[in-house]
Amino acid sequence: MSGGRVITLQIDGRDCGADENQTILEVAQENGIFIPTLCHLNGLHPVGGCRICMVEVEGAPRPLPACVTHPAEGMRVTTDTPELRRRRRLILELMLAEGNHVCAVCVVNGHCELQELALQLGVDHLEIPALYPRREVDASHPRFGLDRNRCVLCTRCVRVCGEIEGAHTWDVMGRGLKAAIISDLNQPWGEAESCTACGKCVQVCPTGALFEKGKATGEMVKRHLHLPLLTAMRKEEEER
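Remember, it's a predicted structure, so these values are computed and weren't measured experimentally. (Residues numbered from 1 in each chain as written. Predicted model: local features only at pLDDT ≥ 70, side-chain atom pairs only at ≥ 80, totals over all residues. Heavy atoms only, no water.)

Asks: Would you mind going over the sheet that holds strand β4 (residues 64–65) in detail, with residue names and values included?
Replies: Taking strand neighbours across the sheet as the criterion, the five strands line up as β2-β1-β5-β3-β4 in an open arrangement whose pairing is mixed. Pairing within the sheet leaves two strands with one partner each, and these edge strands are β2 (14–19) and β4. Direction of pairing for strand β3 (residues 54–57) relative to strand β5 (residues 76–78): antiparallel, over a ladder of two bridges. Pairing of E56 across the sheet is with T78, part of β5. Sheet strands in contact with helix α2 (residues 82–98) are β3 and β5, and its direction is about 155° off that of β3. (Pairing = 2+ DSSP bridges. Helix = DSSP H or I, 4+ residues; strand = E, 2+ residues; numbered from the N terminus. Contact = heavy atoms within 4.5 Å. Axes fitted to C-alpha atoms, helices over the stretch in contact; angles between N-to-C directions.)

In structure tokens form, the structure reads like this:
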């Protein structure tokens, strides 16, 4: 709970108590109700960018992202319908088609959130044409690498760098298919003076786009369970 008014809503027919400042995703997770996510990560500010967590709210004209939608008294939410599953699979297929996601040669094969999501949603092939873009790989950093071909623009790296580390090294440049993650106003990562080489961006990346050098295929495991603790510690320092 976050100190707001206590309300009651229904998620998948189950009565749930909630703080009005929570999100539908937080309430669902507290009550053991699964909603798939990708750009969302506990401990980082939600942005509702990927739309994988869409849910149906009675009376709403279209599905809403659960990670940035707040509950209301008497709200009725449905998290799993044939239409929601169709939309989630389409979004995931578009992500896969816009990049180069060849799991067999990826350092996070078997530990990839995008791969796990494809398994959950039953996406085992693409029904839309793949673009196979040729995007730049930035290997200029001495410890880490950036393969933009595997990036899904979830902006977790941007948020963890700004919100937790406070370095603001990462940002997004361009729009549509030309959008890309950049460091220090589009300088090579190894020349980015603001980067502290903490590696938090690498650990929160859901795919193999950000990786540690020296790891073999399927060898790299991402660790981000410490984020809620770091967020709480940073908030306490700011409130002193």
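Text resumes after the structure shown.
Asks: Talk me through the UniProt feature "domain: 4Fe-4S His(Cys)3-ligated-type" (unreviewed entry) in the chain; I want residue IDs and the actual numbers.
Replies: In the numbering adopted here, UniProt assigns the feature "domain: 4Fe-4S His(Cys)3-ligated-type" (unreviewed entry) to residues 83–122. Along residues 83–122, the helical share is 62% and the strand share 0%, with 14 Å between the first and last C-alpha atoms. (UniProt positions renumbered as here; feature names shortened; annotations may be inferred.)

Asks: Tell me about the sheet that holds strand β6 (residues 137–138), and please be specific about residues and values.
Replies: The antiparallel open sheet is built from three strands, whose spatial order is β6-β7-β10. Edge strands, defined here as strands with exactly one partner in the open sheet, are β6 and β10 (210–212). Bridge count between β6 and strand β7 (residues 144–147): two bridges; the pairing is antiparallel. Bridge pairing in β7 places V137 opposite D147.

Asks: Outline the pattern of salt bridges, supporting the account with residue identities and numerical values.
Replies: Tallying each qualifying case throughout the model produces ten salt bridges. Among the ionic pairs, E83 bridges to R86, the shortest N-O distance being 2.8 Å. Within this pair, E83 and its partner R86 are both found in helix α2, separated by three residues, close to a single helical turn. You can call E83 partly exposed: its relative accessible area is 30%. On the accessibility criterion, R86 (42% relative accessible area) is partly exposed. The shortest N-O distance in the salt bridge between R150 and D147 comes to 3.6 Å. (Salt bridge = Lys/Arg side-chain N within 4 Å of Asp/Glu carboxyl O. Buried < 20%, exposed > 50% of the residue type's maximum accessible area, 1.4 Å probe, protein only.)

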